[in-house]
Amino acid sequence: MTSEQVTAKVTTPALGRRHRRRLPPEVNILLVLVGIALVFEILGWIFAGQSFLMNVQRLRIIILQVSVIGIIAVGVTQVIITGGIDLSSGSVVGMTAMVAASFAQASTWARPVYPALTDLPFFIPIGIGLGIGLLAGIVNGWLIAYTKIPPFIATLGMMVSARGVAKWYTKGSPVSGLTDQFNFIGTSIWPVVVFLVVALIFHVALRYTRYGKFTYAIGANEQAARVSGIDIERHLIKVYAIAGLLAGLAGIVTAARAQTAQAGMGVTYELDAIAAAVIGGTSLTGGIGRITGTVIGAIILGVMISGFTFLRVDAYYQEIIKGVIIVTAVIVDVYRQKKRKV
Amino acid sequence: MAVSPSTMAAVRASGAIPQAEYLLNAENVRKEFPGVLALDNVQFRLKRGTVHALMGENGAGKSTLMKILAGIYIPDQGDVYLKGIPIRLKSPLDALENGIAMIHQELNLMPFMTVAENIWIRREPKNAFGFVDHGKMYEMTTELFQRLNIALDPESQVRDLSVANRQMVEIAKAVSYESDVLIMDEPTSALTEREVAHLFEIIRSLREQGIGIVYITHKMNELFEIADEFSVFRDGRYIGTHASTDVTRDDIIKMMVGREITQMFPKEEVPIGDVVLSVKDLSLKNVFRNVSFDVRAGEILGVAGLVGSGRSNVAETIFGVTPATSGTIEIKGKAIKMNSPTQAISHGMAFITEDRKETGCLLILDVLENMQIAVLQDRFVKYGFVQEKGITEACEAMSATLRVKTPNMEERVENLSGGNQQKVLIGRWLLTNPKILILDEPTRGIDVGAKAEIHRLVSQLAKQGVAVIMISSEMPEVLGMSDRIMVMHEGRVTGFLDRAEATQVKVMELASK
């Protein structure tokens, strides 16, 4: 039976209608974001005597801070959808920041890493940075796909080693004196633009391309996906490579924003990125998650940090509360999954 | 009135065991699972010091009954008596404490612990400080092994043992509970002849000690060699109990398959075309060997055999899931090295696997996402982008043709019934226009209506020239649908039967050969 024949037989396509009757899951998360913002707004008037939201400067800082974590989280979300995890992104940020910055130094700087290679056009350090991130991601993916070690272990190894590379690269000293051309990407709201473009690209990729459909299928049931003809190994390498590439991009943006690179950049960013994905509704068991949710999740994290600072909550409390919120998000997710089953 | 396990334990300890006619008996036991009546008012009576075999086809209810006796399942209805006293078993531990031990088909040992630790787990001898007294434990194990004539080192780790030796450890463990009843679920399925002989020696000595042994097997010759009595089950019903000296092999087979084929199979006579798939001397090390067969366009090749006969493994190997260790696969006369499902699909193969949940459905995704996943390999995709309109229409049309009952295409597949899940999977593969369709237990666990629909569909596909391989444990299905039947037993092909000559008895004979 060819499907053409099948199609020909059918005259009443009235069966499944195309419209989603459920509200998209992002609506819930968006409501949470609005709720949190309003709580800070009210607390702001009560305790600080001023508005939390009606402050352009504050909102600008929030979205700028969110951008770097957000770029990483877009990659991490895809990894988590396949049922994996990426712990290496924070270290990859540090590694790429260092390496990219070393090719972005101005000749006016006293002690460049490569004295012969100063004042290079911006695309060379950026290209090298992206390449390093991509390579780290490919190594992660290859280890997971072919040696069958758990993603947790593979990326834990990369996390430790990449941080090691970042420190070894200049024996610990920071890389400064970067060209204006390179720094440009970190100025003004350009980090936000990069984040939104990245988010848009992968939102489209996940929802409308074969790459996306296969990513969800692998996360939902790897064995079934394999029997359906999906080359699991190749696909996993792709997904981890993208996550590495985006962590590399985040490293470049971080260095450009700071106009310097340090080996300690990006520490614990991987955890914030995972938290953003999870708060945004990505299921750690795989098969479920959307970039839009992750973007909102990242903003929720940013709003909370900014809000606590605004209310002068002690930094220690902030971390404690952040942990509680991440766990709560997962509990809510587990509960929601249970309820959805009939 | 039911007696609690602790009372029972006290009775056992006091030695005041009532002299009942049966050591263990179950009366009017009924057990229903969602959609399946597994046991319908069955009885089972085990005498002291006998080996009692349980016979029946796959799905006859033997395992369910044994699991009830071992406290794993709780019956919906009926009573279980131990030495004439009614008992209610609530857990396997309960059963153990009542002196009923079960040795499972899948061995339940902890691989990284020693033999002795496995045997005495939860009952480890302790020294004065409350720590485990390993010396004593090894001593106890050695004694136990001597009694059973088992030559194993109590200190070796279980993961280093062969399957046969693990089996011996399981038996020793069961005996160590001083059980009165020992339930063995196909204990010889992984043993060599010599190991079987040793096992039988042990069973005979246990029998002499007055222990009652329940022995589930598919092997006719074992029945005559070791069993004193046997009970036959069929489709969840109790058929009868006889002494094994009173009957012949043919009698038993008739009891096992005795039903008439009442269901209608819409098998159509269609012209059979050229050989599409030809398998020669295909082997997968330690799983199956020298499997050879041809399938022609329009032909339905039924594959029969008991669970574990290697039927599904052959299908997986042909489809590239587990590449063969030797032998050839030819499609339309061209030899192909089948290394992955991707490759199999590119040669026009489709495979509906045995386990819908494990290897079929993407349960948390919706109907559309489940149906489109295979065809997206090479159609409905342009520059990496899925042509949403085209694929959605194709899936909706397929869903309508197959009459998938779902509120809409966005319904999660886990919310559909088994029959509808199966239809979604069939739809997934029909979208790829397969030339060769492999179906493994296509109607397992689905209702009669959906079953008939799937049978009709398979017939239709054959009519359109698809070569179909259909693995099934359901005898009426195999006999009703197949043009030819290949029967397997223990990793070998034991014979082929043409549609005209095939009967249930002949298939069963080949399946236990």
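Residues numbered from 1 in each chain as written. Chains lettered and ligands numbered in written order. Predicted model: local features only at pLDDT ≥ 70, side-chain atom pairs only at ≥ 80, totals over all residues.

Colleague: Would you mind showing me how to read the overall build of chain B here?
Modeller: What chain B contains, in helices and strands, is 18 helices and 22 strands. Its C-alpha radius of gyration of 26 Å places chain B within 12% of the 24 Å reference for a compact globule of 513 residues. Taking the principal axes of its C-alpha atoms as reference, chain B extends roughly 75 × 50 × 45 Å. The 513 residues of chain B split such that 46% are buried. Counting contacts in chain B only where the partners sit at least 6 residues apart, residues at least 24 apart contribute 69% of the total. (Helix = DSSP H or I, 4+ residues; strand = E, 2+ residues; numbered from the N terminus. Rg over C-alpha atoms; globule rule 2.2 N^0.38 Å. Buried ≥ 20, exposed ≤ 12 C-beta atoms within 10 Å, placed from the backbone. Contact = placed C-beta atoms within 7 Å.)

Colleague: Could you clarify how one ought to interpret the overall build of chain A in this entry?
Modeller: Counting its secondary structure elements, chain A contains 14 helices and zero strands. Traced from its N-terminal end to its C-terminal end, chain A shows the element sequence α-α-α-α-α-α-α-α-α-α-α-α-α-α. The globule rule puts the C-alpha radius of gyration for 342 residues at 20 Å, and the 22 Å found for chain A is close to it. On the principal axes, the C-alpha backbone points of chain A span a range of 75 × 55 × 35 Å. Per-residue burial for chain A yields a buried fraction of 48% across its 342 residues. Counted over contacts in chain A with a minimum sequence separation of 6, partners at least 24 positions apart contribute 79%.

Colleague: So what exactly am I meant to see when it comes to the interface of chain B and chain A here?
Modeller: For an interface, size is often stated in terms of accessible area lost upon the parts coming together. Across the boundary between the two partners, chain B contributes 47 residues, which contact 34 residues of chain A. Of all elements in the fold, only α11 (341-346), α12 (356-360), α13 (367-372), β18 (385-386), α14 (388-401), α15 (418-430) and α16 (448-463) of chain B reach the threshold of two or more residues within the side of chain B that touches chain A. It is α14(B) that provides the largest number of residues to the side of chain B that touches chain A, a total of ten residues. Among the residues making up the side of chain B that touches chain A, the classes are represented as 23 nonpolar, 16 polar and eight charged. (Nonpolar A, V, L, I, M, F, W, Y, C, P; charged D, E, K, R; others polar.)

Colleague: Would you mind showing me how to read the sheet that holds strand β20 (residues 467-471) of chain B here?
Modeller: By definition, the strands of a sheet pair up through backbone hydrogen bonds, in either a parallel or an antiparallel sense. Residues and elements named next belong to chain B. With respect to topology, six strands assemble into an open sheet ordered β16-β19-β20-β13-β21-β22, the strand pairing being mixed. Two strands in the sheet have a free side with no partner beyond their single neighbour: β16 (349-352) and β22 (492-498). Across the sheet, the axes of successive neighbouring strands diverge by a mean angle of 15 degrees, strand direction being ignored. With five bridges connecting them, strand β13 (residues 300-305) and strand β21 (residues 484-489) associate as parallel partners. (Pairing = 2+ DSSP bridges. Axes fitted to C-alpha atoms, helices over the stretch in contact; angles between N-to-C directions.)

Colleague: Help me understand unusual backbone geometry in this model?
Modeller: Residues apart from glycine generally show negative phi values, whereas peptide bonds are mostly found in trans. A positive phi angle, close to 60 degrees, is found at Lys148(A), a residue other than glycine. Mapping Lys148(A) onto the fold places it in the loop between α5 (123-146) and α6 (151-169). Positive phi values are uncommon outside glycine, yet Arg403(B) reaches one of about 55 degrees. One can find Arg403(B) in the loop between α14 and α15. Since 14 C-beta atoms lie within 10 Å of it, Arg403(B) is described here as partly exposed.

Colleague: Any chance you could explain the UniProt feature "transmembrane region" (unreviewed entry) in chain A here in plain terms?
Modeller: Residue and element names in this part refer to chain A. Within this structure's numbering, the places UniProt gives as "transmembrane region" (unreviewed entry) are residues 27-47, 59-80, 92-110, 122-145, 152-170, 182-206, 236-255 and 291-310. Summarising residues 27-47: 100% helix, 0% strand, and an end-to-end C-alpha distance of 30 Å. Along residues 291-310, the helical share is 100% and the strand share 0%, with 28 Å between the first and last C-alpha atoms. (UniProt positions renumbered as here; feature names shortened; annotations may be inferred.)

Colleague: Would you take a moment to explain the sheet that holds strand β10 (residues 237-243) of chain B for this structure?
Modeller: All names here are of chain B. Strand order in the open sheet formed by six strands is β6-β7-β8-β3-β9-β10, and the pairing between neighbours is mixed. Every interior strand has two partners, whereas the edge strands, β6 (100-103) and β10, have only one. Going from strand to strand, the sheet's axes swing by 20 degrees on average, the running direction of each strand aside. For strand β3 (residues 51-55) and strand β9 (residues 229-234), the ladder comprises four bridges, and the chain directions are parallel.

Colleague: How should the nonpolar core be read in this particular structure?
Modeller: Note that soluble globular proteins tend to have their nonpolar side chains buried in a common cluster. In terms of nonpolar packing, the biggest core is built from 250 residues, with Ile71(A), Ile72(A), Leu246(A), Ile438(B), Val468(B) and Val507(B) touching the most fellow members. Element by element, the count of residues in this core is highest for helix α11 (residues 232-258) of chain A, at 16 residues. Counting contributing residues per domain, this core is built from domain 1 (1-98 + 226-257) and domain 2 (355-433) of chain B, each supplying no fewer than three. The contact partners of Ile72(A), leaving out residues within four places of it in the chain, are Ser89(A), Leu246(A), Ala247(A), Ala250(A), Tyr269(A) and Ala273(A). (Core = buried A, V, L, I, M, F, W, Y, C linked by C-beta atoms within 7 Å. Domains from an automatic or database assignment.)

Colleague: Can you help me understand the packing of helix α2 (residues 26-48) of chain A against helix α13 (residues 291-310) of chain A in this one?
Modeller: Residues and elements named next belong to chain A. Where α2 contacts α13, the axes come no closer than 9 Å and their chain directions differ by 10 degrees. It follows that α2 is roughly parallel to α13 by the angle criterion. Residues Glu26, Ile29, Leu30, Val32, Leu33, Ile36, Ala37, Phe40, Gly44 and Ala48 of α2 pack against Thr292, Gly293, Ile296, Gly297, Ile299, Ile300, Val303, Met304, Gly307 and Phe310 of α13. Among the residues making up the contact of α2 with α13, the classes are represented as 14 nonpolar, five polar and one charged. (Parallel < 35°, antiparallel > 145°, perpendicular 65-115°, else oblique.)

Colleague: Please explain the environment of Met55(B) as it appears in this structure.
Modeller: With respect to the secondary-structure elements, Met55(B) resides in strand β3. Note: C-alpha distance between Met55(B) and Tyr215(B) (160 residues apart in sequence) is 8.9 Å.

Colleague: Just to check I follow, could you spell out the pairing of strand β14 (residues 326-331) of chain B for this structure?
Modeller: It is a general feature of regular strands that their side chains alternate between the two faces of the sheet. All names here are of chain B. The pairing of strand β11 (residues 275-284) with β14 spans five bridges and is antiparallel. The residue bridging Val279 from the neighbouring strand is Ile329, located in β14. Bridging between β14 and strand β15 (residues 334-336) involves three bridges; their strand directions are antiparallel. The residue of β15 that forms the bridge with Ile331 is Lys334. Connecting β14 to the next strand, β15, in antiparallel fashion are two residues, including Lys332 with a positive phi near 50 degrees.

Colleague: Explain the confidence of the model for chain A to me, please; I cannot follow it from the model alone.
Modeller: On average, residues of chain A carry a pLDDT of 87, and 92% of them reach 70 or more. Within the model, pLDDT remains below 50 along residues 1-20 of chain A, and this stretch shows 37 contacts once partners closer than five positions in the same chain are excluded. (pLDDT = per-residue confidence, 0-100.)

Colleague: What exactly am I supposed to notice about the packing of helix α3 (residues 56-81) of chain A against α11(A) here?
Modeller: A pair of packed helices is captured by two measures, namely the crossing angle of their axes and the spacing between those axes. All names here are of chain A. At a minimum axis separation of 8 Å, α3 and α11 run at an interaxial angle of 175 degrees. In this view, α3 runs roughly antiparallel relative to α11, as classed from their interaxial angle. For the pair formed by α3 and α11, the contact residues are Ser67, Val68, Ile71, Ile72, Val74, Gly75, Val76, Gln78 and Val79 on the first element and Val239, Tyr240, Ile242, Ala243, Leu246, Ala247, Leu249, Ala250, Val253 and Thr254 on the second. Among the residues making up the contact of α3 with α11, the classes are represented as 15 nonpolar, four polar and no charged.

Colleague: Sorry if this is basic, but what is going on with helix α5 (residues 134-148) of chain B here?
Modeller: Think of an α-helix as turning once every 3.6 residues; residues three or four places apart then point the same way. Residues and elements named next belong to chain B. Its 15 residues give α5 an end-to-end C-alpha distance of 21 Å, which sits within 8% of 21 Å, the value for a rise of 1.5 Å per residue. What α5 keeps buried is the set Met137, Thr141 and Phe145. All buried residues of α5 lie within an arc of 70 degrees about the axis, which places them on one face of the element. In α5, those exposed residues whose orientation departs by more than 90 degrees from the buried face are Gly135, Glu143 and Gln146. Once α5 ends, the next one or two residues include Asn149, with phi positive near 60 degrees. (Expected span 1.5 Å × (residues − 1). Arc of directions from axis to C-beta.)

Colleague: Looking at this model, I keep getting lost on the environment of Gly90(A). Mind explaining?
Modeller: Residues and elements named next belong to chain A. Turning to its location among the elements, Gly90 is positioned in helix α4 (residues 89-102). Its 26 C-beta neighbours within 10 Å are what place Gly90 among the buried residues. Taking the C-alpha atoms as reference, Gly90 lies 8.0 Å from Leu271; in sequence the two are 181 residues apart. Excluding residues within four positions of it along the chain, Gly90 makes contact with Gly266, Val267, Thr268, Tyr269 and Glu270.

Colleague: Would you take a moment to explain the environment of Ser278(B) for this structure?
Modeller: All names here are of chain B. With respect to the secondary-structure elements, Ser278 resides in strand β11. Assessed through the 18 C-beta atoms surrounding it within 10 Å, Ser278 is described here as partly exposed. Separated by 100 residues in the primary sequence, Ser278 and Glu178 have C-alpha atoms spaced 54 Å apart. If near-sequence neighbours (up to four positions away) are discounted, Ser278 is found in contact with Asp294 and Glu330.

Colleague: Can you help me understand helix α2 (residues 62-69) of chain B in this one?
Modeller: Residues and elements named next belong to chain B. The element α2 is extensively covered by neighbouring structure, given that eight of its eight residues are classed as buried. Listed in full, the buried residues belonging to α2 are Lys62, Ser63, Thr64, Leu65, Met66, Lys67, Ile68 and Leu69. Note on α2: the residue one or two positions beyond its end, Gly71, has a positive phi of about 80 degrees.

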